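# Coordinate analysis (summary)
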Amino acid sequence: MDFKIGIFSIHPFLEMILKQEGIPFEDIDQDNFELINKYALIITDYDESDMIELISEKFHNEILVINPTYIAKRYFELLKTRTPRITIPLSEFYKNPSFKSALDRSFLADFYGDSGLFKDYKVIRIKNNNENIYMLSISLEESFLFDKSCRKQFFDFRKELPSEVVGKKYIYEIRNIILQTINIILYSKNIPLIHKSYIPQNSLFIFRIDTDFCTKEEAENLYKLCQKYDIKATWFLDTYNEKTIRELYAKMADQELGFHCSRHLVFDNYEENFQNIQSGLSILKKHGIKPKGYAAPFGEWNSYLQKAIEKSGFLYSSEFSYDYDNLPSYPIASNVLQIPIHPISCGRLRRSHYTDNEKIAYYKRVIDEKIDRNEPVILYHHPHHKKLNVIEEIFRYVKLKKMQNLTMNNYRIWWQKREKRKLEYVLNKDKIFLQKNPKIPLIIDYEGKRVIDNFSESVKYKDLEYKNYPFFLKNDPKRQEKWNWRNWLYKYESWKGRRKV
Ligand SMILES: [Zn+2]
């Protein structure tokens, strides 16, 4: 069987996720409906039940319909299927993944139970005569509001959790919910999912530095540490002190230089954002620095800023109010790649009363989790926070784990090469045959487990050594969502910080 997912009228965000995952898919040719049985799975978010009926009549495999709950309810009425009862809370199911048990029954599952984090997302399996139509209830339009941000607490094992103002929606989790739903459906047919690796090698470490008006000495000390551990970092420069730019940054041949700010602010109009960027860029230009990347002050993002980033000719940007912890993507109608990072800096850990040892333990755990999930580890630091002892331990750990180190721009180059390289494969009995080899590592998901492999032509997928991997980064929604009185304090601090500029 030629493995491809057929898509029919899907939302741009869904397409974005399939591309991030590197899953082969193509549009269904509506004039050639008899060909649709070549697909292993059809995904649609079309809300006209006639068309779904038509597809389900002609199509013998599984159909995944992704729709908001109100549309799912309408389907149940139309299909005269009784509303499925809750049988398996998916949070439990994911903790102890038993794909078989989920598929034996219709299920309606709440992600994360009652805590509210995911209460709008449900997976519903309905049986309509002999067809298998699955419904994943996510309101894509609402889930992908990139211009909303809020303070979120991040997981740790200790009592007081670190927090940061980041994108309000759970885009990382939605991507994983959709991936796992596809995996569950394919597993019902006993076939694996092959997709492109998220990183060039086994593990990837990227170090981002926002200079934020640090002294020359602070920048120099951090630079020396990078050199000691052979770390090529990406420095997002402020243009406050030209002397430091001339005498230090302009001479860093082994590091990447990006642009952070002239004034440390993001505005809610195009003109001021554009001017702020242009005035900084003209200073950098005087010193021969032409940045390819941009990272906004406070990780803030809005559509006016996005336009200013595009008009300024940047090739990528990185704002955690847009997206964090996730894989790269393009904001709608933009060709400037957005590269999300893990947004908790040493400064945020300090505000949550972490000792240095706790900070080191925090970062080591984040690194381990991301390595386990094949995701890039992108951490960031401000030279004026010093804490070189913590950073040194991170670098040591990166070396110990033999992680590949790239600059953000080099990761962008690799990611865009990945986009262009086609993956096509055929499944024949227990073998995967590559028809188009993207020549990057491949992820094989099967039975809720994962393996990364570099095979060149064919492989027996049942013989591979799969490992369990967590479906999400570690979390504890009950604690993470709990109101923290300190949020008022942080809000005040950030208001005060903005007035100083
Ligand atoms: Zn900054």
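Residues numbered from 1 in each chain as written. Predicted model: local features only at pLDDT ≥ 70, side-chain atom pairs only at ≥ 80, totals over all residues. Heavy atoms only, no water.

## Section: helix α13 (residues 356–372)
Defined as follows: Strands here are runs of E lasting at least two residues and helices are runs of H or I lasting at least four, both read from the DSSP assignment and numbered beginning at the N terminus. An expected span of 1.5 Å times one less than the residue number is assigned to each helix. Note on contacts: a residue pair is in contact if any heavy atoms of the two residues lie within 4.5 Å.
End to end, α13 covers 25 Å across 17 residues, agreeing with the expected 24 Å (1.5 Å per residue, within 8%). Looking at the buried side of α13, the elements it contacts are α12 (346–351), β18 (377–381) and α14 (388–400). At the exit of α13 stands N374, carrying a positive phi of roughly 70°.

## Some remarks on the coordination of the zinc ion
Note the threshold: Sites may look incomplete, because water is not among the atoms used; the donor set itself consists of N, O and S atoms within 2.8 Å of the metal (3.2 Å for Na, K and Ca). Metal sites are grouped by the angles between bound donors: all angles between 85 and 135 degrees with four donors is tetrahedral, opposite donors over 155 degrees apart with the others between 65 and 115 is square planar for four donors and octahedral for six, and any other pattern is irregular.
Every protein donor of the zinc ion is listed here as D212 (OD), D212 (OD), H260 (NE2) and H264 (NE2), and their distances to the metal cover 2.0 to 2.3 Å. Coordination geometry of the zinc ion: the 4 donor atoms subtend angles of 57 to 138° at the metal centre, consistent with an arrangement described as irregular.

## What to know about the packing of aromatic side chains
Our working definition: Stacked, edge-to-face and tilted labels apply to pairs of Phe, Tyr and Trp rings (six-membered ring for Trp) whose centres lie within 6.5 Å, assigned for plane angles under 30 degrees, over 60, and everything in between, in that order. Type-normalised accessible area, obtained with a 1.4 Å probe on protein chains alone, sets the label of each residue: buried when under 20%, exposed when over 50%, and partly exposed for intermediate values.
If you walk through the whole model with that rule in mind, you get 25 aromatic pairs. Aromatic side chains Y223 and W235 sit 6.3 Å apart centroid to centroid with 80° between the ring planes, which places their arrangement in the edge-to-face category. A residue pair is termed long-range when its members are at least 10 positions apart, and Y223 in helix α8 (residues 216–228) and W235 in strand β13 (residues 234–238) qualify at 12 residues. Accessibility expressed as a relative area gives 12% for Y223, which makes it buried. Both rings, one in Y294 and one in F314, keep their centres 5.4 Å apart while their planes meet at 35°; by these two values the pair is tilted.

## Digging into the pairing of strand β14 (residues 256–261)
Convention followed: Two strands qualify as a pair provided DSSP detects at least 2 bridges between them. Whether a crossover is right-handed depends on one test, that the path from the first strand over the helix to the second runs clockwise when the strands point away from the viewer.
The buried count for β14 comes to 6 of 6 residues, which makes it a mostly enclosed element. Direction of pairing for β13 relative to β14: parallel, over a ladder of 5 bridges. Bridge pairing links L237 to F259 in β14. With helix α9 (residues 242–247) bridging β13 and its parallel neighbour β14, the resulting β-α-β unit is right-handed.

## Brief notes about the side chain of R175
So the rule is basically this: A 3.5 Å cut-off defines polar contacts: any pair of N or O atoms within that distance qualifies, except that in protein one atom must be a possible hydrogen donor and the other a possible acceptor, and neighbouring residues in sequence count only when both atoms are side-chain atoms.
Summarising the element assignment, R175 is placed in helix α7 (residues 171–188). Side chain to side chain, R175 and E21 meet in a polar contact 2.6 Å long. At 3.4 Å, the side chain of R175 forms a polar contact with the side chain of E375. Apart from residues lying up to four places away in sequence, R175 is in contact with I17, Q20, E21, Y198, N326, L327 and E375.

## Brief notes about the environment of K359
As for its placement among the helices and strands, K359 is situated in helix α13. Spatially, the C-alpha atoms of K359 and R348 are 10.0 Å apart, while their sequence positions differ by 11 residues. Apart from residues lying up to four places away in sequence, K359 is in contact with C346, L349, R350, Y354, K387 and V390.

## Quick notes on the confidence of the model for the chain
Stated formally: The predictor attaches a confidence to each residue, called pLDDT, with possible values from 0 through 100.
When pLDDT is averaged along the chain, the result is 85, and 84% of the positions lie at 70 or above. Of the regions scoring below 50 in pLDDT, residues 82–120 engages in 90 contacts with residues more than four places distant in sequence or in other chains.

## Observations regarding the sheet that holds strand β20 (residues 424–428)
If you trace the 4 strands from one edge of the open sheet to the other, you get β1-β20-β21-β24, paired in antiparallel fashion. Every other strand in the sheet has two partners, leaving β1 (2–3) and β24 (458–460) as the edge strands with one partner each. As paired elements, β1 and β20 share 2 bridges and run antiparallel to each other. In the strand pairing of β20, F3 is matched with Y425.

## Here we look at helix α10 (residues 270–286)
The end-to-end C-alpha distance of α10, which contains 17 residues, comes to 25 Å, matching closely the 24 Å that a straight helix rising 1.5 Å per residue would cover. Here α10 has its buried residues at Y270, N273, F274, N276, I277, G280, L281, I283 and L284. Looking at the buried side of α10, the elements it contacts are β13, α9, β14, β15 (293–294) and α11 (303–311). Measuring from the backbone nitrogen of E271 back to the side-chain oxygen at the start of α10 gives 3.3 Å, which picks out N269 as the cap. Trailing α10 by a residue or two, G288 shows a phi angle of about 75°, which is positive.

## A few points about the nonpolar core
Note the cut-off: Buried Ala, Val, Leu, Ile, Met, Phe, Trp, Tyr and Cys residues that are joined via side-chain atoms within 4.5 Å together make up what is termed a nonpolar core.
Among the nonpolar cores identified, the biggest contains 129 residues, and I43, I182, F205, W235 and Y249 are the most heavily contacted of them. When residues in this core are grouped by element, the largest group, 9 residues, is from α7. Not counting chain neighbours up to four residues away, the residues in contact with F205 comprise I231, V377, L379, I394, F395, V398, M403, Q404, N405 and L406. F8, F33, I36 and F59 belong to the second-largest nonpolar core, a separate cluster that totals 12 residues.

## What about the packing of α13 against α14?
Short version of the rule: Interaxial angle, 0 to 180 degrees, is taken between N-to-C directions of lines fitted to C-alpha atoms, where a helix line uses only the stretch in contact. Each angle gets one of four labels, with under 35 degrees taken as roughly parallel, over 145 as roughly antiparallel, 65 to 115 as roughly perpendicular, and the rest as oblique. Crossing handedness is read from the near helix: turned anticlockwise from the far helix by less than a right angle, it gives a left-handed crossing, and turned clockwise, a right-handed one. The classification used treats Ala, Val, Leu, Ile, Met, Phe, Trp, Tyr, Cys and Pro as nonpolar, Asp, Glu, Lys and Arg as charged, and all other residues, Gly among them, as polar.
As a packed pair, α13 and α14 sit with axes 9 Å apart at the nearest point and diverge in direction by 30°. Compared by their axis directions, α13 and α14 come out roughly parallel. Viewed along their axes, α13 and α14 form a crossing whose handedness is right-handed. Residues D356, K359, I360, Y363, K364, I367 and D368 of α13 form the contact with α14, whose participating residues are N389, V390, E393, I394, Y397 and V398. In the contact of α13 with α14, the residues fall into 7 nonpolar, 1 polar and 5 charged.

## What about the pattern of salt bridges?
Quick note on the threshold: Every case where a carboxyl oxygen of Asp or Glu lies within 4 Å of a side-chain nitrogen of Lys or Arg is listed as a salt bridge.
On inspection of all chains with the given rule, the structure shows 28 salt bridges. Ionic pairing is found between R175 and E21, a salt bridge with its closest N-O pair at 2.6 Å. Of this pair, R175 sits in helix α7 while E21 sits in helix α1 (residues 12–21); the two residues are 154 residues apart in sequence, bridging distant segments of the chain. Overall, the relative accessible area of 0% leaves R175 in the buried class. Residue class for E21 comes out buried when judged on its relative accessible area of 0%. Taking the shortest distance from any N to any O, the salt bridge between E424 and K436 comes out at 3.8 Å.

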